[in-house]
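In case you want the letters, here they are:
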Amino acid sequence: MNITDGGTLKTGPMTVSFDGRNLRLLLEGSGVEVVWDGLVSVHILVPMGTNTCGLCGNNDFNPTNDLLTRGGVLGTSVAIGDSWAVDRYSRCENNLASSNQRCVMTSKRLAAERCEAAFKAMGLSRCSIDNVPYIAGCVADVCTQNWIADRLAPECIAVSTYVERCALDGVGFGDGRRV
């Protein structure tokens, strides 16, 4: 079965649609929607007040208690991600720092230049969201060659993800980069 641009498929309580960029799954009756860009980003949208846990926080209108590890301890974004990781085949690094250790200084410097240049070239300075974590993720992906080479380079993925985050704050870029 194929869903083409603008197409919709309804099967039971689930509606699947494709808008040319994102695949959307809507679970009717629950208000839960999953949006996937087909490559790197998944957004899980739930109605406010719906009980959640894990990387989504608990959705209780109190953002200060959303940054909890699986053990219930307040943690950094790396610690939170690592604590909720499911890696049945032991293929994932423990965190961003360990993946950066494989990158020798020369390659890391070149990777940082490549990623920082992508952010500067795109003219993203109007967005007030801190771009440092996005650039750090880009550098780690360039260093570990953690991308699909024939599809998208890490700097494209990092910039695209950053633009999506900026769009959530209402920042558009006037040339089609507002998501």
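Residues numbered from 1 in each chain as written. Predicted model: local features only at pLDDT ≥ 70, side-chain atom pairs only at ≥ 80, totals over all residues. Heavy atoms only, no water.

A. Spotlight on the packing of aromatic side chains. Applying the stated criterion across every chain, the model contains two aromatic pairs. Between Phe 119 and Tyr 162, the ring centres sit 5.4 Å apart and the planes meet at 70°, which makes this aromatic pair edge-to-face. Of this pair, Phe 119 sits in helix α3 (residues 105-121) while Tyr 162 sits in helix α5 (residues 154-168), and the two are 43 residues apart along the sequence. Residues Phe 119 and Tyr 162 agree in their burial class; the two are buried. Between Tyr 134 and Tyr 162 the ring centres are 5.1 Å apart and the planes differ by 75°, which places this aromatic pair in the edge-to-face class. Of this pair, Tyr 134 sits in helix α4 (residues 132-144) while Tyr 162 is found in helix α5, placing the two residues 28 residues apart along the sequence. With a relative accessible area of 22%, Tyr 134 lands in the partly exposed category. Among the residues examined, Tyr 162 registers a relative accessible area of 1% and is labelled buried. Members of the aromatic cluster, connected to one another through ring pairs, are Phe 119, Tyr 134 and Tyr 162. (Phe/Tyr/Trp six-rings, centres within 6.5 Å; stacked < 30°, edge-to-face > 60°. Helix = DSSP H or I, 4+ residues; strand = E, 2+ residues; numbered from the N terminus. Buried < 20%, exposed > 50% of the residue type's maximum accessible area, 1.4 Å probe, protein only.)

B. Local environment of the pattern of salt bridges. Counted under the stated rule, the structure contains five salt bridges. Notably, a salt bridge pairs Arg 24 with Asp 19, separated by 3.7 Å at the nearest N-O pair. The partly exposed category is assigned to Asp 19, whose relative accessible area is 40%. Here Arg 109 ties to Glu 113 by a salt bridge, and the two come within 3.2 Å at their closest N and O atoms. Linking Arg 109 with Glu 113, this pair stays in helix α3, spanning four residues, or about one helical turn. Classification of Glu 113 as partly exposed rests on a relative accessible area of 42%. (Salt bridge = Lys/Arg side-chain N within 4 Å of Asp/Glu carboxyl O.)

C. Layout of a nonpolar patch on the surface. A grouping of Trp 36, Val 42 and Ile 44 is seen on the molecular surface, where their side chains present a nonpolar patch of about 280 Å² in accessible area. Following the sequence through the fold, Ile 44 ends up in strand β5 (residues 42-45). Owing to a relative accessible area of 48%, Ile 44 belongs among the partly exposed residues under this scheme. (Patch = residues over 30% accessible without salt bridge, like charges linked within 9 Å, V, L, I, M, F, W, Y side chains within 5 Å. Areas by Shrake-Rupley, 256 points an atom, 1.4 Å probe, with all protein chains shown as cover.)

D. Expanded view of α4. The end-to-end C-alpha distance of α4 is 18 Å, a good match for the 18 Å that 13 residues give at a rise of 1.5 Å each. What α4 keeps buried is the set Ile 135, Cys 138, Val 139, Ala 140, Val 142, Cys 143 and Thr 144. (Expected span 1.5 Å × (residues − 1).)

E. Looking closely at the pairing of strand β4 (residues 32-36). Pairing geometry for strand β3 (residues 23-27) and β4, over five bridges, is antiparallel. Paired with Leu 27 across the two strands is Val 32, which belongs to β4. Joining the antiparallel neighbours β3 and β4 is a turn of four residues, in which Gly 29 adopts a positive phi near 90°. The turn linking β4 back onto β5 is made up of five residues, and Gly 38 within it adopts a positive phi angle of 85°. (Pairing = 2+ DSSP bridges.)

F. Region of interest: the confidence of the model for the chain. Averaged over the chain, the pLDDT score is 77; the fraction of residues at 70 or greater is 78%. Here helix α2 (residues 96-101) stands out as the least confident element of the chain, with mean pLDDT 50; β3 is the most confident, with 91. (pLDDT = per-residue confidence, 0-100.)

G. A look at the packing of α4 against α5. One can describe the packing of α4 onto α5 by two numbers: an axis separation of 9 Å at closest approach and a directional angle of 160°. In terms of their interaxial angle, α4 and α5 are classed as roughly antiparallel. Two packed elements cross with a definite hand, and for α4 against α5 that hand is right-handed. Taken together, the residues of α5 that come into contact with α4 (itself represented by Tyr 134, Cys 138, Asp 141 and Val 142) are Pro 154, Glu 155, Ala 158, Thr 161, Tyr 162 and Arg 165. Its residues placed into classes, the contact of α4 with α5 shows six nonpolar, one polar and three charged. (Axes fitted to C-alpha atoms, helices over the stretch in contact; angles between N-to-C directions. Parallel < 35°, antiparallel > 145°, perpendicular 65-115°, else oblique. Left-handed = near helix turned anticlockwise from the far one by under 90°. Contact = heavy atoms within 4.5 Å. Nonpolar A, V, L, I, M, F, W, Y, C, P; charged D, E, K, R; others polar.)

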